[in-house]
Amino acid sequence: MDEAPLDDEPQLDDEQALEKIIAIRVREHRRASGLSIGDMAERVGISKAMLSKIENAQTACSLTTLSRLARGLEVPVTALFRGLDDEREAVFVEAGHGARIVRRGSRVGHDYTLLGGLRGPHKRMESLLVELTESSEVFPLFQHSGTELIYMLEGVMVYGHGGARYTMRPGDALQFDGEGAHGPDQLLKLPIRFLSITAYGDGAQ
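In this text the structure is predicted, and so the values were computed from the model without any measurement. (Residues numbered from 1 in each chain as written. Predicted model: local features only at pLDDT ≥ 70, side-chain atom pairs only at ≥ 80, totals over all residues. Heavy atoms only, no water.)

1. A word on the environment of R25
- With respect to the helices, strands and loops of the structure, R25 is situated in helix α1 (residues 14-32).
- Using a relative accessible area of 10% as the deciding quantity, one classes R25 as buried.
- In sequence terms R25 and L80 are 55 residues apart; their C-alpha atoms lie 5.3 Å from each other.
- Aside from chain neighbours lying at most four places away, what touches R25 is A79, L80, R82 and G83.
- A distance of 3.2 Å separates a polar atom in the side chain of R25 from a polar atom in the side chain of E28. (Helix = DSSP H or I, 4+ residues; strand = E, 2+ residues; numbered from the N terminus. Buried < 20%, exposed > 50% of the residue type's maximum accessible area, 1.4 Å probe, protein only. Contact = heavy atoms within 4.5 Å. Polar contact = N/O pair within 3.5 Å; in protein donor to acceptor, adjacent residues only side chain to side chain.)

2. Some words on the pairing of strand β7 (residues 182-200)
- In this structure, strand β3 (residues 124-132) lies alongside β7, joined through nine bridges in antiparallel fashion. The residue bridging S127 from the neighbouring strand is I197, located in β7.
- Where strand β4 (residues 147-161) lies against β7, 13 bridges are found, and the strand directions are antiparallel. Counted as the bridge partner of Y159 is P184 from β7. (Pairing = 2+ DSSP bridges.)

3. Quick look at empty space enclosed by the protein
- Throughout the structure, instances matching the rule amount to three cavities of 30 Å³ or more.
- The dominant element in the lining of the largest cavity, judged by the number of residues it contributes, is β7, at four residues.
- Here the residues of the lining of the largest cavity sort into seven nonpolar, two polar and two charged. (1 Å grid on protein atoms, 1.4 Å probe; cavity = no way out; pocket = protein on both sides within 12 Å on 5 of 7 lines; lining within 4 Å. Points joined across faces, edges and corners; volume = space filled by probe spheres on them. Nonpolar A, V, L, I, M, F, W, Y, C, P; charged D, E, K, R; others polar.)

4. Topic: the packing of aromatic side chains
- A full pass over the atoms with the stated rule returns two aromatic pairs.
- Aromatic ring contacts, followed pair by pair, group Y159, F176 and F194 into a single cluster. (Phe/Tyr/Trp six-rings, centres within 6.5 Å; stacked < 30°, edge-to-face > 60°.)

5. Side note on the packing of helix α2 (residues 37-44) against helix α4 (residues 63-73)
- Between α2 and α4, whose axes approach to 9 Å, the crossing angle comes to 115°. Taken together, α2 and α4 sit at an angle that is classed as roughly perpendicular. Helix-helix and strand crossings are classified by hand; for α2 and α4 the assignment is right-handed. Residues M40, R43 and V44 of α2 lie in contact with α4, whose contacting residues are R68, L69, G72 and L73.
- Broken down by class, the residue content of the contact of α2 with α4 amounts to four nonpolar, one polar and two charged. (Axes fitted to C-alpha atoms, helices over the stretch in contact; angles between N-to-C directions. Parallel < 35°, antiparallel > 145°, perpendicular 65-115°, else oblique. Left-handed = near helix turned anticlockwise from the far one by under 90°.)

6. Some thoughts on the pattern of salt bridges
- This model, assessed by the stated rule, comprises five salt bridges.
- For R193, the salt bridge is made with E131, and the minimal N-O distance between the two is 3.7 Å. In this pair, R193 is assigned in strand β7 and E131 in strand β3, connecting sequence segments 62 residues apart.
- For R193, a relative accessible area of 27% corresponds to the partly exposed category.
- Within this structure, E131, E154 and R193 form a network of salt bridges that share partners. (Salt bridge = Lys/Arg side-chain N within 4 Å of Asp/Glu carboxyl O.)

Next up, the structure:
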């Protein structure tokens, strides 16, 4: 006698997963439109039995049927696949638990906390919380690939990018090309806190 498999939970293959998502989306949009199965079947031009099977993931839809369903529901065909590939990378950092990192120019009173970073073949992003609690006569200038966004949370400072200078207060935002030399120029009101978010393009190192 053959032994029973240790794991007897059914595993969905790609085709079954697709049928399940289509079933959920069709039923969701039909109900949102206030249509009964009979009304929807008549509008689309298929039998009630077929529509019932589709909504219960008991049959695979042809491209023609998918197109009819989308037209009947007045949604793009892609709306019927929404949720098929929802496994995406995410980074969650609890308050006060971000990694403190050392950057060029780091010193007492100049703290950089890493809030998270996404890495991948087509995207890369780094988020920092910068806290400046002590002034300095000379501030380091930074240059890097990508586009950076600075959003002021507290304090007042003058921030330089290339030859330009910007006085930044809480709520102000500055977005710029990271290749240009940039960094704080004057700290006018301490403490200063701001978010620094850098997005890198494809192939960035």
